[in-house]
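Descriptive structure summary
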Amino acid sequence: MSDHREGTAPPTLFSLGVSTSLHSKVVSRSRSNLLRTSAILWSTLLLAAGLLWLDFGSVSEVAVGPGGLVNLSQAAELGHDHPNGLSLLDAQLSITSLTPLQFLIDHLNSNLTFLTPLHGEQTPLGTANSSNLQAVLSAGVAAYRYLGLPIQTTHGLLVRDILPHSPARGIVYLGDLITKVNGLRVSNLLNFEAALTSRPRSPTVTLMLEREGPRAARPERRLVRVPFNEGKLGIVITTASFYELPRTLKLQIPRALDGSEGLAEALAIIESSRHLHIPHPLALGAIGIVKPDGEIQPVFGITQRVAAMRAGHLRYVLVPSVQRQSAQQASHGTVDVIGVTFLSQAVREVERLGTEMTPKEVVR
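Predicted model, so just to flag it, every value in this text is computed and none were measured.

Some words on the pattern of salt bridges
In the structure shown here, the tally under the stated rule is 5 salt bridges. Residues Arg211 and Asp176 are paired through a salt bridge, measuring 2.8 Å at the closest nitrogen-oxygen approach. Here the residue Arg211 occupies a position in strand β8 (residues 204–211), and Asp176 occupies one in the loop between β5 (152–162) and β6 (177–181), the gap between them amounting to 35 residues. The residues Arg211 and Asp176 share a single accessibility class, namely buried.

Things to note about the pairing of β8
With 7 of 8 residues buried, β8 lies mostly within the body of the structure. Sheet analysis places β6 next to β8, joined by 4 bridges and oriented antiparallel. Directly across from Lys180, in β8, lies its bridge partner Met208. Taken together, the 8 bridges between β8 and strand β9 (residues 220–227) define a ladder with antiparallel strand orientation. Bridging across to β9, Arg211 finds its partner in Glu220.

Notes on the side chain of Ser273
With respect to the helices and strands, Ser273 occurs in the loop between α5 (263–272) and β12 (282–286). In this structure the side chain of Ser273 is engaged in a polar contact, spanning 2.7 Å, whose partner is the backbone oxygen of Ile270.

Brief notes about the environment of Gln323
Mapped onto the elements of the fold, Gln323 is located in the loop between β15 (316–320) and α7 (324–331). By relative accessible area, which is 11% here, Gln323 ends up buried. For Gln323, the residues in contact, after removing those within four places along its chain, are Pro298, Val299 and Ile302.

Focus: the environment of Gly262
Among the structural elements, Gly262 can be located in the loop between β11 (250–251) and α5. When sequence neighbours within four positions are dropped, the list of residues in contact with Gly262 reads Ala135, Ala139, Gly288 and Val290.

Things to note about the packing of α5 against helix α8 (residues 343–356)
At their nearest, the axes of α5 and α8 sit 11 Å apart, and the two run at 65° to each other. If you check the angle between α5 and α8, you find them roughly perpendicular. The handedness of the crossing between α5 and α8 is right-handed. For the pair α5 and α8, the contacting residues are Leu263, Ala266, Leu267 and Ile270 in the first and Leu343, Ala346, Val347 and Val350 in the second. Taken together, the residues of the contact of α5 with α8 sort by class into 8 nonpolar, no polar and no charged.

Criteria and thresholds
- Starting afresh in each chain, residues are numbered from 1 along the sequence in its written order.
- Side-chain atom pairs in this predicted model are given and counted only at pLDDT of 80 or more, local residue features only at pLDDT of at least 70, and totals for whole chains, interfaces and linings cover all residues.
- Here the side-chain values reflect all heavy atoms present in the structure, with hydrogen atoms and water set aside.
- Here a salt bridge means any side-chain nitrogen of Lys or Arg lying within 4 Å of a carboxyl oxygen belonging to Asp or Glu.
- The way it works is that DSSP assigns letters per residue, a run of H or I at least four long becomes a helix, a run of E at least two long becomes a strand, and they are numbered from the N terminus.
- Throughout this description, buried means an accessible area under 20% of the type-specific maximum (1.4 Å probe, protein chains only), exposed means over 50%, and partly exposed covers the range between.
- Two strands pair under a simple rule: DSSP has to find at least two bridges between them.
- Side-chain atoms alone can form a polar contact between residues adjacent in sequence; in general such a contact is a pair of N or O atoms within 3.5 Å, and within protein one must be able to donate a hydrogen while the other accepts it.
- Any two residues whose heavy atoms approach within 4.5 Å are treated as being in contact.
- Under this scheme, a helix contributes an axis fitted over its contacting stretch, all axes are lines through C-alpha atoms, and angles between N-to-C directions fall in the 0 to 180 degree range.
- Any angle from 65 to 115 degrees is called roughly perpendicular, while one under 35 is roughly parallel, one over 145 is roughly antiparallel, and all others are oblique.
- For any helix crossing, the convention is left-handed if the near helix is rotated counterclockwise from the far helix by under a right angle, and right-handed if that rotation is clockwise.
- Throughout, the ten residues Ala, Val, Leu, Ile, Met, Phe, Trp, Tyr, Cys and Pro are labelled nonpolar, Asp, Glu, Lys and Arg are labelled charged, and all others, Gly among them, are labelled polar.

Right, here's the structure in full:
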């Protein structure tokens, strides 16, 4: 006879049910703890990776920030004692690649600007140095012309590169200036092509070159013949000019100065020849690219340069006329921004400032 009553479960089945429920709760709790631990671990790893990327990663932009001021008043020497009446200050710029964190922070800084690198590559400092050298030489030519010194100019096509299988390799060299092709003068790509095709087909082409020798005072003139295979010379050329200066020019430009564009150097050359008359010491900033004909062209980073000069407590700054408005905004009203279009105008402005200032107004 059984003690089992209707409506009640057997003790063995009830115990089994309780045991199964407890086991499910334990498994569920362990699984939840494992998921929580795994989520914390992955979140920590992702956060660490994100911080490393923000601090050490790189974005496809570079920052151009204001550096220090460099006094170029002693940069030029034309064989005369320097008057020392003018302090010409040029703003040095620092060019650095951006980490993502710097990108986020620096975009909130109005004193910085961003440049998109050419061809997806970061801008190398060497590029700034080479363009700086060309700007300084161009400014030197403009200063000589302002002084009325005769400059002999030779126009032609500069050899920038020679292709690997070029028939000109070993005959034409980098830096050669091509002035004639088959006896015809050339100064641009159009008349170069016309000179190549102006006479019947020939297996060679005759080039007149100006080539700088290691010890020559001026480039040597050479006549060479180059195989003309299928109408290709295999050289990369660009328009250029050679300027023969009548007097020795010595420029001592600091190697670290990557931001110099030429205006300060041109004014220093003119002052060193005693063609600037400044009764009181004058300190001012000078920003601008000076073409050989004296025209002053705009520069990149105008706001950064003015910001550096503002931080250096300069009162006056000369800038290209087309960038005067941007420079005024960057000056915050603490710097007198003067726009100039030609080197001669810049000289007149410097003389005017030197005449109008009193000793009490001199910038230290």
